[in-house]
Amino acid sequence: MKKVAFTLSDGLLLKGSLLDNENSKDLIIMLHSGGYERTEHGVKEINGPEKIYYNPEGNYTYLSNYLAQDASILLFDQRNHGESGKNVDVATMIKAIKNINSKIDDNVINDIITALKRKDELTIKRLLLNLNTSQEEQEKLQALIARPIIKDMSFLQMAQDLAEVIEKINENNRYKNIHLVGTCMGALVSALYLINYPNDVKSLTLFSPLYTFDPVFLHPINDFSIKKREVIASGKQYRMGNAVEGEKTIAEIASIKDDFYKKLFKLNIPIFCIQGLSDALVPASYQNALFASLKKYHDQNNLSPIYYAEISPGVHCLYDCLFPSLLEATNFIASNLEYPKLKK
C-alpha cells in the first residue's frame, strides 16, 4: 500500500493508505472504529475477561490482503485519529495559548493551529522552540499541544469528510464502484454518507455498527452503557487520547435519529451486518430487532437483500472471533464486486 493524504475544506489533513488495483474499477473504503486507527487493530487491554481483543496486523489489513486481487482498497485515519490531524477548537485554543503567554504573536498561534490540523509535529516543535518564553511557559505550551483542545466528535462532520475524500480520490472517475466497510463509529459514518449519496455506493459491510442509538447514547440500559453515557457527557478524551465525545455528540444523535432510520430503511443496496452476541456497547438484542425490521422492509418492497449474522461470543468489533467474521465479510464484499476472482 502507498501512503496518501487528503486536505479537507477546513484545512484538516487526513492520512491513509491506498492499494490501487489497476485491473479493477471497484474501490473498497474501510472506516475504523472510534479511538483507533485505519488498520482497525483492536484493543490491547481490557478489564474483565482474560482475553485480549487485539490483532497486531489489523482487521482491515487482513481484509485488504484477502481482497487485493479483486479491488482497490483505501484505508484512512478519520479526524482526531491515528496520523490524521486534530479537529482543533480554534477559538478555545487561541485563548488557552494567550493565557500562557499573551505576547505570543497571532501569526505564530495560527501556524501552530494549522500544524495541529495537519498533525505536523516537526513544524510544531520548531515553532515552540523559536518562542521567547520561560521554561515554565514552554512546559505548559508543550502539555497543551500534546493534548490540544478539540471539538466534540461530530459524526455528520466525519461523513462530510468521507464525501470529500471520495470526491478527491475519484476526481477522474477512476473507480466505477464504491464499497463501504465500517466498524462501530466507522459504520455510522458510512451510513450517514450513504443516506446523503444513495446512488454512489454498491455495498455496505458492517461490524458492530453504532446504529442502536437509544441504549448507547440516549437511554443507557446497563452499567457499561451508563458509564459510556457519563464519559460522553463529561467531554473527556478516551482510550488513546485522540477522540472526544461530549454533550454535542448526544445532541447530534438525538437530532438525526428519526431521519437516519427513515433513510436507512430506504437504501437500495446490499447490506451485511455482523454482530457479536456478547457486545457490551451495542446490545445484540437491539441490533437484531433493527436489522430484522430492516430485512422485512426490504423484502416487502423488493429492495436489495439485507444479511445479518450474529457471532458467539462476539465482543464489540468482534476481535475474539476474527477469522469467521472476516471470512464472511470477504465473501459478501467479493460477491458485490464487478469482476471478483473469488466468484469464479
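Residues numbered from 1 in each chain as written. Predicted model: local features only at pLDDT ≥ 70, side-chain atom pairs only at ≥ 80, totals over all residues. Heavy atoms only, no water.

Moving on, we come to the overall build of the protein chain. Secondary structure summary: the protein chain contains 12 helices and 10 strands in total. Since a compact globule built from 344 residues should have a radius of gyration of about 20 Å, the 21 Å found for the protein chain is in line with a globular shape. Overall, the protein chain is about 65 × 50 × 40 Å in size when its C-alpha atoms are taken along their principal axes. Here the protein chain, with 344 residues, has 54% of them falling under the buried criterion. Of the contacts made within the protein chain by residues no fewer than 6 positions apart, 74% connect residues no fewer than 24 positions apart. With the model as given, the accessible surface of the protein chain reaches about 15,900 Å², and the carbon-plus-sulfur share is 49%. Of the charged side chains in the protein chain, 39 are positive and 41 negative; the average position of the first set lies 2 Å away from that of the second. (Helix = DSSP H or I, 4+ residues; strand = E, 2+ residues; numbered from the N terminus. Rg over C-alpha atoms; globule rule 2.2 N^0.38 Å. Buried < 20%, exposed > 50% of the residue type's maximum accessible area, 1.4 Å probe, protein only. Contact = heavy atoms within 4.5 Å. Areas by Shrake-Rupley, 256 points an atom, 1.4 Å probe, with all protein chains shown as cover. Lys, Arg positive; Asp, Glu negative; His and termini not counted. Charge placed at Lys NZ, Arg CZ, Asp CG, Glu CD.)

Residues Ile29, Leu74, Leu188, Tyr211, Phe217, Phe260 and Phe291 are the most contacted members of the largest nonpolar core, which totals 62 residues. Take this core: its biggest share by element is 9 residues, from helix H7 (residues 185-196). Phe260 has contacts with Leu188, Ala191, Leu192, Ile195, Tyr211 and Phe213, leaving out every residue within four places of it along the chain. Met30, Ile274, Leu326 and Ala329 belong to the second-largest nonpolar core, a separate cluster that totals 22 residues. (Core = buried A, V, L, I, M, F, W, Y, C linked by side-chain atoms within 4.5 Å.)

What follows concerns the side chain of His32. Note on placement: His32 falls in the loop between strand S3 (26-31) and helix H1 (59-67). A polar contact of 3.0 Å, which involves the side chain of His32, links it to the backbone nitrogen of Gln78. With near-sequence residues (within four places) excluded, His32 lies in contact with Glu37, Arg38, Glu40, Tyr60, Phe76, Asp77, Gln78, His81, Thr183, Met185 and Gly186. (Polar contact = N/O pair within 3.5 Å; in protein donor to acceptor, adjacent residues only side chain to side chain.)

Taking 1.5 Å as the rise per residue, helix H10 (residues 247-266) with 20 residues should run 28 Å; its terminal C-alpha atoms sit 29 Å apart, in good agreement. The largest bend in H10 comes to about 50°, at Lys257. Taken together, the buried positions of H10 are occupied by Thr249, Ile250, Glu252, Ile253, Ile256, Phe260, Tyr261, Leu264 and Phe265. (Expected span 1.5 Å × (residues − 1). Bend = angle between axes of the 7 residues up to and from the residue.)

Bringing the packing of aromatic side chains into the picture now. Applying the stated criterion to the full structure yields 12 aromatic pairs. Arranged with centres 6.4 Å apart and planes meeting at 15°, the rings of Tyr211 and Phe291 form a pair that is stacked. You can see Tyr211 sitting in the loop between strand S6 (201-207) and helix H8 (213-218) and its partner Phe291 sitting in helix H11 (residues 284-300), a full 80 residues away along the chain. An angle of 20° between the planes, with centres 5.4 Å apart, marks the rings of Phe291 and Tyr308 as stacked. (Phe/Tyr/Trp six-rings, centres within 6.5 Å; stacked < 30°, edge-to-face > 60°.)

Right, let's get into the layout of surface pockets. There is about 310 Å³ of room inside the second largest pocket. If you go around the second largest pocket, you meet 14 residues; those closest to its centre are Leu116, Glu121, Ile124, Ile145 and Ala146. For the lining of the second largest pocket, the elements supplying multiple residues, two or more each, are helix H4 (121-129) and helix H5 (135-146). Considering every element that reaches the lining of the second largest pocket, the biggest residue donor is H4, with 5 residues. (1 Å grid on protein atoms, 1.4 Å probe; cavity = no way out; pocket = protein on both sides within 12 Å on 5 of 7 lines; lining within 4 Å. Points joined across faces, edges and corners; volume = space filled by probe spheres on them.)

This part takes up the sheet that holds strand S1 (residues 2-7). Strand order in the open sheet made by the 8 strands is S1-S2-S4-S3-S5-S6-S9-S10, with mixed pairing throughout. Looking at which strands have only one partner, the edges of the open sheet turn out to be S1 and strand S10 (306-311). In this sheet, adjacent strand axes meet at a mean angle of 20° when their direction is disregarded. Bridge count for S6 against strand S9 (residues 271-276) is 4 bridges, and the pairing is parallel. Looking across to S9, one finds that Phe207 is bridged to Ile274. This element, H1, spans S3, strand S4 (72-76), strand S5 (177-183) and S6 of the sheet and lies at about 170° to S3. (Pairing = 2+ DSSP bridges. Axes fitted to C-alpha atoms, helices over the stretch in contact; angles between N-to-C directions.)

Bringing unusual backbone geometry into the picture now. The linkage connecting Ser312 with the following residue, Pro313, adopts the cis geometry, with an omega of 0°. Tracing the backbone shows Pro313 in the loop between S10 and helix H12 (322-335). Non-glycine residue Asn173 carries a positive phi angle of around 55°. One can find Asn173 in the loop between helix H6 (155-169) and S5. Its identity as a non-glycine residue notwithstanding, Ser208 has a phi of 45°, on the positive side. When you line up the elements, Ser208 lands in the loop between S6 and H8.

Below, the discussion takes up helix H3 (residues 106-117). When the terminal C-alpha atoms of H3 are compared, their 17 Å separation across 12 residues agrees well with the 16 Å that a helix rising 1.5 Å per residue should span. Among the residues of H3, those classed as buried are Ile109, Ile112, Ile113, Ala115, Leu116 and Lys117. Where H3 is buried, its residues touch strand S2 (13-19), helix H2 (90-100), H4 and H5. Between the side-chain oxygen at the start of H3 and the backbone nitrogen of Asn107 there is a gap of 2.8 Å, and the oxygen is on Asp105. Directly after H3, the chain includes Lys119, whose backbone phi takes a positive value near 50°.

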